[in-house]
Amino acid sequence: MAAGLPISITPYYLALCDPNDPDCPIRRQCIPRAEEAIAAQGDLRDPLGEEAHEVAPHLVQRYPDRVLLVATDRCGVYCRFCTRSRLVGGGGGARSLAALDPAFAWIEAHPEVHEVIISGGDPCVMSTGRLARLLGRIRRIDHVQYVRLATRAPVTLPQRITKELCVAIREAHETTWVMTHFNHSKELTDEARAACARLADAGLPVMNQTVLLRGVNDDPATLEALFRGLVRSRVRPYYLLQMDPVGGTGHLRTPLRRGVELMAALQGRVSGIALPKLIVDTPGGLGKVPIGPNYLVSAEGGVTVLETFRGDFVEYYDPPES
């Protein structure tokens, strides 16, 4: 770890890389580059302030109604932009249920918590039995109404998403939502789409969060192809995330204005079910902020002027006050 984020790449994901193109969008996500040694203003070791918001070992609370459970430090692929680069591959592997007991006890003592986000690392690289037992333990907490399972396995190791795994997840906790992480349409291979189909066919809703990455997906055509491909794969584009300011990743981050420009280019041209929210997860762990183009031109005297995606200006009149 002293040398930086370790390297781990599945043979499947490595095969998607172009060995002759250092700017291949898959290669940029998983192969180390010399730029990682360059520090940029605003770089942080723990950009989301998870250590400051840890309420029990392996448990982070940044919002009143939900918590993040770090179930493992292992992934199939260690992405070069990982927000938890301080942790992943650091040793320990999957956390035992005994190690997570203090986290479960904290959740049980806080009935305002309705959602548990299981992350890591990637919980789907754990054994099926271990993941099912973890979900089953959470199911015993009555006030936890749903679980979000964050995994990149459909992207980096789609063979892991077996019918057995999908059924085990559904049976262990029937209100589990799967949050996967496709960043480029090149990742939507036949194998990846089949993995998404297995999840959907098992009755598991599947959403996707895409990280906006310089040189990978920071143009409208690339994002449009990705979002349309996700919807065809029965995956709902949920977030387009401004990349977290992790140390050594300045070469992969875009200016905030670029994300706003991209959303403006896609608005009205891509179906609403294929258009995610553009989100900034604020440094220090103070919460997510949605941003985007401003279509409200003026509001005065009960008349609001709106600008459409075509550039037309339209007046909207408020109803009379009662």
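Residues numbered from 1 in each chain as written. Predicted model: local features only at pLDDT ≥ 70, side-chain atom pairs only at ≥ 80, totals over all residues. Heavy atoms only, no water.

Enquirer: Could you give an account of the sheet that holds strand β6 (residues 176-180), with specific residues and numbers?
Expert: Across the sheet, ten strands lie side by side as β1-β2-β3-β4-β5-β6-β7-β8-β9-β10; this open sheet has mixed pairing. With partners counted over all chains shown, the strands left at the sheet margins are β1 (54-56) and β10 (288-291), one partner each. The mean inter-strand angle of the sheet, taken between neighbouring strand axes irrespective of direction, is 30°. Sheet topology note: the strand β3 (residues 66-70)/strand β4 (residues 115-119) ladder contains five bridges and is parallel. For Arg-66, the partnering residue across the bridge sits in β4 and is Glu-115. Those strands touched by helix α4 (residues 128-139) are β3, β4, β5 (146-150) and β6, and its axis lies near 160° from that of β4. (Pairing = 2+ DSSP bridges. Helix = DSSP H or I, 4+ residues; strand = E, 2+ residues; numbered from the N terminus. Axes fitted to C-alpha atoms, helices over the stretch in contact; angles between N-to-C directions. Contact = heavy atoms within 4.5 Å.)

Enquirer: Can you break down the state of the cysteines residue by residue, with the values?
Expert: Under the definition given, this model contains zero disulfides. Unpaired in this structure, Cys-24 has its nearest cysteine sulfur neighbour in Cys-17, at a distance of 5.2 Å. With no disulfide of its own, Cys-30 has Cys-17 as its nearest cysteine by sulfur position, at a separation of 3.8 Å. Residue classification places Cys-30 among the buried positions, given a relative accessible area of 0%. (Disulfide = S-S within 2.5 Å. Buried < 20%, exposed > 50% of the residue type's maximum accessible area, 1.4 Å probe, protein only.)

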